[in-house]
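Here's the letter readout for the chains.
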Amino acid sequence: MNSYYPLALLLARQEQAALSQHLAHSALPMAPTLLDGKQQLRRRWLALRGRAATGLHRIAWAIAPFGD
């Protein structure tokens, strides 16, 4: 046993206490949640669809004749 063993043990205990406290907050009603893969894919698809629609509208407005 070297002289760093008690210090390492103390730091490990503090890290474990901080981790368990962080995990305890994940059960609160307003805790952030992780999205599953389907929700993330749907969000990306909707974002891509929105950007594509915006781009197509801008192109249409740019080539539309003025003053009818």
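See above for the structure.
Reading guide: rules and limits
Residues numbered from 1 in each chain as written. Predicted model: local features only at pLDDT ≥ 70, side-chain atom pairs only at ≥ 80, totals over all residues. Heavy atoms only, no water. Helix = DSSP H or I, 4+ residues; strand = E, 2+ residues; numbered from the N terminus. Buried < 20%, exposed > 50% of the residue type's maximum accessible area, 1.4 Å probe, protein only. Areas by Shrake-Rupley, 256 points an atom, 1.4 Å probe, with all protein chains shown as cover. Patch = residues over 30% accessible without salt bridge, like charges linked within 9 Å, V, L, I, M, F, W, Y side chains within 5 Å. Salt bridge = Lys/Arg side-chain N within 4 Å of Asp/Glu carboxyl O.

> When you look at the overall build of the protein chain in this model, what are you seeing that I'm missing?
Across its full length, the protein chain holds two helices and zero strands. The 68 residues of the protein chain split such that 1% are buried. For the protein chain, the accessible area works out to roughly 7000 Å², and carbon and sulfur atoms hold 65% of it.

> Can you help me understand a nonpolar patch on the surface in this one?
A cluster of nonpolar side chains, namely Trp45, Leu46 and Leu48, defines an oily patch on the protein surface of about 300 Å² accessible area. Looking at the secondary structure, you find Trp45 in helix α2 (residues 37-63).

That's the geometry; what it means functionally is another story.
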